[in-house]
Amino acid sequence: EVQLVESGGGLVQPGGSLRLSCAASGFTFSDHYMDWVRQAPGKGLEWVARSRNKGNSYTTEHAASVKGRFTISRDDSKTSLHLQMNSLKTEDTAVYYCARAGALIGGGGPYYPDYWGQGTLVTVSS
Amino acid sequence: DIQLTQSPSFLSASVGDRVTITCRASQGISSYLAWYQQMPGKAPKLLIYEASTLQSGVPSSFSGSGSGTEFTLTISSLQPEDFATYYCQQFNSYPLTFGGGTKVEIK
């Protein structure tokens, strides 16, 4: 059974840092891309970052709103995904979800997020 | 960045109704689009990918269509468990943007 469990959320002051983790199990972690997606209270979904798999050299993408402040990383040996968040702003307050993304179509097509964790809440406030 | 515009943003419907949600992209995205369902306080659930492929385990009452810039999610007969918020997301280019969401409520 695929499981994704986020941790590391909490209350932090503006300008502070936080490191989120996502513990993955039940699948071959190194084969999959992994995403972070967030949702501010009462708002819609916002894609934050993506880590490609080993076969794609672990390259990463970040949303412009977090580029230079957040860094996605992964440890395939521990089947874990991380999001290092620095210089946090009040607008970063959200539930942060990690998601597994698979090559559901294959043949070089996109990787679609097919399993999601339950999320961890990050609150940035003084 | 590719903008995705969902319509309507709010929909009131009855059990058994046929419901259609539209997602329009600001530029062509081929068929690289997914649809999700989100219940209150829960994580999103993948319903459709590649615009029209039903994810395993999703009821056949859900269907997706479209390519290029216009896409639709259709629920052929709304069930009580379908009242939720629905989002589209494009995978043509980064950043991977979402639509604003469509909340489906009970009439």
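Just above, that's the structure.
Attention in this report is confined to the structure presented alongside it. Note that the structure is predicted; figures quoted are calculated from it, not measured.

## Concerning the overall build of chain B
Next, step 1: Counting secondary structure elements, chain B contains zero helices and 10 strands.
Next, step 2: When the helices and strands of chain B are read in sequence order from the N terminus, they spell out β-β-β-β-β-β-β-β-β-β.
Next, step 3: Overall, chain B is about 35 × 25 × 25 Å in size when its C-alpha atoms are taken along their principal axes.
Next, step 4: Within the span of chain B, comprising 107 residues, buried residues form 50% of the whole.
Next, step 5: Long-range pairs, those at least 24 residues apart, make up 57% of the contacts in chain B with a sequence separation of at least 6.
Next, step 6: Approximately 4600 Å² of chain B is accessible, and the part contributed by carbon and sulfur atoms is 46%.
Next, step 7: Counting 6 positive and 7 negative side-chain charges, chain B places the centres of these two groups 5 Å from one another.

## Looking at unusual backbone geometry
Next, step 1: Each neighbour pair has its own omega, and for Ser7(B) with Pro8(B) the value is -10 degrees, a cis peptide bond.
Next, step 2: Checked against the element boundaries, Pro8(B) lands in the loop between strand 1 (4-7) and strand 2 (10-13).
Next, step 3: Backbone geometry places Ser87(A), a non-glycine residue, at a positive phi of 50 degrees.
Next, step 4: Within the secondary structure, Ser87(A) sits in the loop between strand 8 (80-85) and strand 9 (94-102).
Next, step 5: The residue Ser30(B) is not glycine, and still its phi comes out positive at about 55 degrees.
Next, step 6: Tracing the backbone shows Ser30(B) in the loop between strand 3 (19-25) and strand 4 (33-38).
Next, step 7: Residue class for Ser30(B) comes out partly exposed when judged on its relative accessible area of 38%.

## As for the sheet that holds strand 1 of chain B
Residues and elements named next belong to chain B.
Next, step 1: The four strands lie next to each other as 1-3-8-7, forming an open sheet whose pairing is antiparallel. In this open sheet, the two edge strands, each paired with only one partner strand, are strand 1 and strand 7 (62-67). This sheet shows a mean twist of 15 degrees between the axes of neighbouring strands, independent of strand direction.
Next, step 2: Sheet topology note: the strand 7/strand 8 (residues 70-75) ladder contains six bridges and is antiparallel.

## Examining the state of the cysteines
Next, step 1: Applying the stated rule across the entire model yields two disulfides over all chains.
Next, step 2: Paired through a disulfide, Cys22(A) and Cys98(A) show a sulfur-sulfur distance of 2.0 Å. Here the residue Cys22(A) occupies a position in strand 3 (residues 18-25), and Cys98(A) occupies one in strand 9, the gap between them amounting to 76 residues. Judged on exposure class, the residue Cys22(A) and its partner Cys98(A) are both buried.
Next, step 3: Across the disulfide, Cys23(B) is cross-linked to Cys88(B) (sulfur-sulfur distance 2.2 Å).

## Description of the interface of chain B and chain A
Next, step 1: The interface of chain B with chain A comprises 21 residues on the first partner and 21 residues on the second.
Next, step 2: A buried area of about 1800 Å², summed over both sides, lies between chain B and chain A, and 66% of it is on carbon and sulfur atoms.
Next, step 3: Broken down residue by residue, the surface that chain B buries against chain A is led by Phe91(B), Tyr94(B) and Phe98(B), which jointly contribute 29%.
Next, step 4: At the surface where chain B touches chain A, the tally comes to zero salt bridges.
Next, step 5: Viewed at the interface, chain A and chain B are joined by six residue pairs in polar contact (both at pLDDT 80 or more).
Next, step 6: At the level of secondary structure, the elements contributing two or more residues to the side of chain B that touches chain A comprise strand 4, strand 5 (45-49) and strand 9 (85-90) of chain B.
Next, step 7: Here the element with the most residues in the side of chain B that touches chain A is strand 4 of chain B; it accounts for four residues.

Reading the values: rules and limits
In every chain, residue numbers begin from 1 and rise along the written sequence. By the order in which they are written, chains take letters starting at A while ligands take numbers starting at 1. With pLDDT at 70 or above as the cut-off, local features in this predicted model cover only qualifying residues; side-chain atom pairs require 80 or more to be listed or tallied, and sums for whole chains, interfaces and linings still use all residues. Hydrogens are left out, water is left out, and the side-chain values use all remaining heavy atoms of the structure. Secondary structure elements are defined from DSSP: runs of H or I of at least 4 residues count as helices, runs of E of at least 2 residues count as strands, and each element is numbered from the N terminus. Exposure categories follow from relative accessible area, calculated using a 1.4 Å probe and restricted to protein chains: below 20% of the type maximum is buried, above 50% is exposed, and the middle band is partly exposed. Contacts: residue pairs with any heavy atoms within 4.5 Å of one another. In short, Shrake-Rupley with a 1.4 Å probe defines the accessible areas, and a residue's cover is counted only from the protein chains shown. Under the convention used here, Asp and Glu are negative, Lys and Arg are positive, and both His and the chain ends fall outside the count. Note on charges: their place is set at NZ of Lys, CZ of Arg, CG of Asp or CD of Glu. At least two bridges found by DSSP between two strands are what make those strands a pair. Orientation is described by axes fitted as lines to C-alpha atoms, over the contacting stretch for helices, and by angles from 0 to 180 degrees between their N-to-C directions. To count as a disulfide, a pair of cysteine sulfur atoms needs to be within 2.5 Å. Buried area is a sum: the accessible area each of two parts loses on coming together, probed at 1.4 Å, counted once for each and added. A pair is scored as a salt bridge if a Lys or Arg side-chain nitrogen falls within 4 Å of a carboxyl oxygen belonging to Asp or Glu. Polar contacts, as used here, are pairs of N or O atoms within 3.5 Å; protein pairs need one atom able to donate a hydrogen and one able to accept it. Residues neighboring in sequence count only if both atoms are side-chain atoms.

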